[in-house]
Amino acid sequence: LAWSSGQTKPDHWAVVASGPTLSEQYEWLRMFGGSIVAVSAALQPLLRNGIIPNAVVTIDHAPEMVRYFDALGALPSVHRVPLIYDPATTNEVLQMWHGPRFVTTLEPEGALWAGGTVTHSAMDFAVKMGAKQVTLVGFDCAFPHDQSHVDGAGIPLPVPAKWYQWSIDGHGQKVATANNMSMFRRHAEDYIARTPGVKWCKRGRAGLPVMGCEWTD
């Protein structure tokens, strides 16, 4: 996992997931002075809002992952952005990406940790790149505004009520979540507990708090 941007590795990384609260963070991200690693589903919303990530991580093998990359890989704005991908990523995705590509495998044998969602691998990427501080953005682990993903992510947004469980968001208000999202949060908390040398922060209080993360909005 070599840093290929030609810039000095920053101490502060933003890990950008595709939860609904990402839409509240575009201005902050445009002003952000560190580096940004985005998950694949967050790429289109970021680019549409004038934000070019420093790296993109994709680990999902499903054929429908193509919708996150369709027509974006050819954009000049991403020609220097490295794509960090799992070997099982579909060929269609790789053919669409005109920027540098770095293949990785997943733990326990591989280079990046995987705990159930690509955001976990993006977190581990930032830490392995030498981050001293990581801010999670759009990692909601819930359905704020009854949506599963940020507008523009290319994923159906309404969430069937039958999926709902209930938890408390960063405002102290009741918010819907689901079993898999609760698991994603627990795994993130376990990982954060294993990285004592990193300061962890989180933005987007309409999502769930993550133990070990300090709110910064």
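Note that the structure is a prediction, hence the values are computed from the model and not measured. (Residues numbered from 1 in each chain as written. Predicted model: local features only at pLDDT ≥ 70, side-chain atom pairs only at ≥ 80, totals over all residues. Heavy atoms only, no water.)

Chemist: Help me out: how do you make sense of the overall build of the protein in this one?
Modeler: For the protein, the helix and strand inventory stands at six helices and 10 strands. Considering the protein as a whole, with its 217 residues, one finds that 55% of them fall into the buried category. Counting contacts in the protein only where the partners sit at least 6 residues apart, residues at least 24 apart contribute 57% of the total. (Helix = DSSP H or I, 4+ residues; strand = E, 2+ residues; numbered from the N terminus. Buried < 20%, exposed > 50% of the residue type's maximum accessible area, 1.4 Å probe, protein only. Contact = heavy atoms within 4.5 Å.)

Chemist: Please clarify how the nonpolar core should be interpreted in this entry.
Modeler: Nonpolar side chains in soluble globular proteins tend to be buried together. Of all hydrophobic cores here, the largest spans 52 residues; its most connected members are Val-16, Leu-22, Leu-29, Val-37, Leu-46 and Trp-200. At the level of elements, β1 (12–16), α1 (26–31), β2 (35–39), β3 (55–58), α5 (118–128), β6 (133–137), β8 (174–177) and α6 (179–193) are the ones that each hand at least two residues to this core. Core analysis: the next-biggest nonpolar cluster, separate from the first, contains 16 residues, Ala-62, Met-65, Tyr-68 and Tyr-85 among them. (Core = buried A, V, L, I, M, F, W, Y, C linked by side-chain atoms within 4.5 Å.)

Chemist: Help me understand the packing of aromatic side chains in this model?
Modeler: Both the distance between ring centres and the angle between the ring planes are used here to describe each pair of aromatic rings. Within this structure, the stated rule accounts for four aromatic pairs. Plain terms: the ring middles of Tyr-191 and Trp-200 are 6.0 Å apart, the flat faces sit at 85° to each other, and that makes the pair edge-to-face. Side by side, Tyr-191 and Trp-200 carry an identical accessibility label, which is buried. An aromatic cluster is defined as three or more aromatic residues linked by ring pairs; in this entry it consists of Trp-113, Tyr-191 and Trp-200. Directly above the aromatic system of Trp-166 lies the positively charged group of Lys-174, at a separation of 4.5 Å from the ring centroid. In this arrangement the basic side chain of Arg-194 is found over the ring face of Trp-113, its NZ or CZ atom lying 5.7 Å from the centre. (Phe/Tyr/Trp six-rings, centres within 6.5 Å; stacked < 30°, edge-to-face > 60°. Lys NZ or Arg CZ within 6 Å of the ring centre and 35° of its normal.)

Chemist: How do you make sense of the pairing of β8 when you look at a structure like this?
Modeler: When a strand is regular, its side chains alternate between the sheet's two faces. With four bridges joining them, strand β7 (residues 165–168) and β8 adopt antiparallel strand pairing. The partner of Ser-167 across the bridge, within β8, is Val-175. In sequence, β7 turns back onto β8 through a hairpin of five residues, with Gly-172 there showing a positive phi of about 80°. (Pairing = 2+ DSSP bridges.)

Chemist: Mind showing me how you'd approach the side chain of Thr-89 here?
Modeler: When you line up the elements, Thr-89 lands in the loop between β4 (83–85) and α4 (91–96). Assessed through its relative accessible area of 4%, Thr-89 is described here as buried. Polar contacts involving the side chain of Thr-89 include one to the main-chain carbonyl oxygen of Asp-86, which spans 2.8 Å. (Polar contact = N/O pair within 3.5 Å; in protein donor to acceptor, adjacent residues only side chain to side chain.)

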